[in-house]
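Residue-level listing of the chains:
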Amino acid sequence: MPIYVTRPSMPELEEYMEEIRPIFERRLLTNMGPVYKKFQRMLIEYLEVPELSLFVNGHLALELGIQAMGLKKLGMAVGGGEVITTPYTFVSTTHAISRNNLKPVFCDIRLEDYCMDPDRIEELVTDKTVAIIPVHVYGNICDVDKIQKIADKHGLKVIYDAAHAFGEKYDGKGIGNFGDATMFSFHATKAFNSIEGGAMAFHDKRYGIPLHELKNFGIHGEVEISAIGGNAKLDEFRAAMGICNLRRMEECIRARKAVRKQYEERLAGAEGITLCPVQDRVESNYAYIPIYVDREVFGKSRDDLYAALREHEIYARKYFYPAVNELECYAECREQETPVAHDASIHILTLPIYEGLTTEEVDRICDIILQK
Ligand code: T4K
């Protein structure tokens, strides 16, 4: 049986059937129905955030969230706004910026957690900068305090991409409470899923209406359109899946934590392989297992391990190679060097982790990695 980098957590079929039965009876399938609203309430409670808007995926939550915050307009007013962001992420983050006609300005990361290096941000601020969009990559939390200080000093908005950090806490506080807004992804490959889905958490109530309207074509009333929006509504069936999976969240995290512990034990003595540690002040969701492979010390490269695992039908992934600023579609934004992001992109392999990955399977994966 092949082993993939992840596998979605799912409820019992019967539980899901119970949750969707009323949808069949009501025939209200989408457009912010009662299941959507119930899921939204449950998430506000679970994530401990004041406000939250649901979307059909994390990408559109971010893309429309940027627009809703007025950054697109602000950018146009300064003849093309700039957003400081990380090149070490999934392309979605950068696409969301570019699709708002804003220019991504890439800030290097730090090797200790692969998040944006807060000490490199300020040198990138110009009079065109409108926002900072950092990513809590692999569920590692950015230096939210330093980032906020820089944003306050220069009057910038901060939107976090927390696609990997669902349910995490920093110093006991839900991770959706930092910056001006935080995007979550509920994609099937994430620690928590609603099949596809996403959300934007925020605290300024004024952000709620534009967010809500932009995901529904900008509809303000039956005959009034407030803005040029899109369609990014989460439907009732996906919301129902989210509700079922949210009930099982503690169980899922416990299972992932056990998988992580086994990897830590098995790979502990392997010189040249570093498993990025869980940060001190963070309650983790154990979303990813990124290992840094130092070929000089270990004797095999990241790509050697990737290929060796594939021979055994184990599909680890090179998240995130190439770094976004090395992609052809961002060639024109390649102004500053980001050597640490480049280094991470060629040395990191993300290993399989999910609820249901057995101890035997983790052993098999580690045996192949450790085979000299
Ligand atoms: N920001 C960041 C930092 C992100 O990482 C992402 C998404 C976003 C924003 C955007 O959020 P969303 O709009 O997606 O909500 C995957 C996911 O499609 C993507 O959501 C995710 N990041 C990215 C890191 O990974 P691929 O192309 O690697 O997915 P795929 O289809 O190769 O899936 C990986 C493995 O998972 C498969 O080999 C098998 C397994 N799998 C996958 C699916 C879809 C399953 O077992 N069942 C499934 O239903 O992008």
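Right above here is the structure, for reference.
Quick look at the structure, then.

Cut-off values and rules
Residues numbered from 1 in each chain as written. Predicted model: local features only at pLDDT ≥ 70, side-chain atom pairs only at ≥ 80, totals over all residues. Heavy atoms only, no water. Helix = DSSP H or I, 4+ residues; strand = E, 2+ residues; numbered from the N terminus. Rg over C-alpha atoms; globule rule 2.2 N^0.38 Å. Buried < 20%, exposed > 50% of the residue type's maximum accessible area, 1.4 Å probe, protein only. Areas by Shrake-Rupley, 256 points an atom, 1.4 Å probe, with all protein chains shown as cover. Lys, Arg positive; Asp, Glu negative; His and termini not counted. Charge placed at Lys NZ, Arg CZ, Asp CG, Glu CD. Axes fitted to C-alpha atoms, helices over the stretch in contact; angles between N-to-C directions. Parallel < 35°, antiparallel > 145°, perpendicular 65-115°, else oblique. Left-handed = near helix turned anticlockwise from the far one by under 90°. Contact = heavy atoms within 4.5 Å. Nonpolar A, V, L, I, M, F, W, Y, C, P; charged D, E, K, R; others polar. Pairing = 2+ DSSP bridges. Right-handed = clockwise from strand over helix to strand, strands pointing away. Core = buried A, V, L, I, M, F, W, Y, C linked by side-chain atoms within 4.5 Å. Near = heavy atom within 4 Å. Polar contact = N/O pair within 3.5 Å; in protein donor to acceptor, adjacent residues only side chain to side chain.

Helix and strand content of the chain: 13 helices and 17 strands. What you see for the chain is a C-alpha radius of gyration of 21 Å, in line with the 21 Å of a compact globule of 372 residues. Residues classed as buried in the chain amount to 56% of the 372 residues present. Accessible surface, the chain as shown: approximately 16,700 Å² in total, 51% of it carbon and sulfur. Between the centroid of the 44 positive side chains of the chain and the centroid of its 57 negative side chains there is a distance of 3 Å.

The next subject is the environment of K149. Considering the arrangement of structural elements, one finds K149 in helix 6 (residues 144-154). Owing to a relative accessible area of 63%, K149 belongs among the exposed residues under this scheme. The sequence separation of K149 and L29 amounts to 120 residues, and the corresponding C-alpha distance is 44 Å.

We now examine the packing of helix 9 (residues 249-267) against helix 13 (residues 359-370). It is the contact of helix 9 with helix 13, at a shortest axis distance of 10 Å, that shows an interaxial angle of 30 degrees. Overall, the two elements helix 9 and helix 13 adopt an arrangement that is roughly parallel. At the point where helix 9 passes helix 13, the crossing takes the right-handed sense. In contact with V259, Q262, Y263, R266 and L267 of helix 9, helix 13 contributes T359, V362, D363, I365, C366, D367, I369 and L370. Its residues assigned to classes, the contact of helix 9 with helix 13 comprises eight nonpolar, two polar and three charged.

Attention now goes to the pairing of strand 3 (residues 82-85). With burial as the criterion, each face of strand 3 is covered, one bearing E82 and I84 and the other bearing V83 and T85. Note: strand 3 against strand 4 (residues 103-106), four bridges, orientation parallel. Paired with I84 across the two strands is V105, which belongs to strand 4. Handedness of the strand 3-helix 5 (residues 91-98)-strand 4 crossover: right-handed. With four bridges connecting them, strand 3 and strand 5 (residues 129-133) associate as parallel partners. Residue pairing in the sheet places T85 in a bridge with I133 of strand 5.

So, about helix 5. Among all positions of helix 5, only S92, T93, T94, A96 and I97 are buried. For helix 5, the elements touching its buried residues are helix 3 (58-68), strand 3, strand 4, strand 5 and strand 6 (157-161).

On to the nonpolar core, then. L43, Y88, Y114, Y263, I291, L351 and I369 are the most contacted members of the largest nonpolar core, which totals 95 residues. Looking at this core, the element that brings in the most residues is helix 8 (residues 236-247), giving six residues. Those residues within four positions of L351 in sequence are excluded, and the remaining contacts are V5, Y263, L267, I289, I291, L309, A316 and I369. Within the second largest apolar cluster, 26 residues are counted, among which are L64, L102, V130 and L214.

A word on the sheet that holds strand 13 (residues 273-275). Here three strands make up an open sheet; going across it, the order is 13-15-17 and the pairing antiparallel. Strand pairing shows two members of the sheet lacking a second neighbour, strand 13 and strand 17 (348-351), which therefore form its edges. Between one strand axis and the next, the sheet turns through 30 degrees on average, direction left out of account. Taken together, the three bridges between strand 13 and strand 15 (residues 289-293) define a ladder with antiparallel strand orientation. Its bridge partner being in strand 15, I273 is matched across the sheet by V293. Together, strand 13, strand 15 and strand 17 form the strand contacts of helix 11 (residues 302-311), whose direction differs from that of strand 17 by roughly 30 degrees.

By nearness alone, 27 residues border the ligand, and D161, H164, S185, K190 and Y319 come closest of all. Within the contact set of the ligand, a nitrogen atom lies 2.7 Å away from a side-chain nitrogen or oxygen of D161. In this structure, R317 approaches the ligand through a side-chain N or O atom, which is 2.8 Å from an oxygen atom. When the ligand sits alone it has 920 Å² of accessible area, and the protein chains cover 74% of it. When contributions to the shell around the ligand are tallied by element, the ones reaching two or more residues are helix 3, helix 5 and strand 9 (181-185).

Honestly, it's all geometry; don't read function into it.
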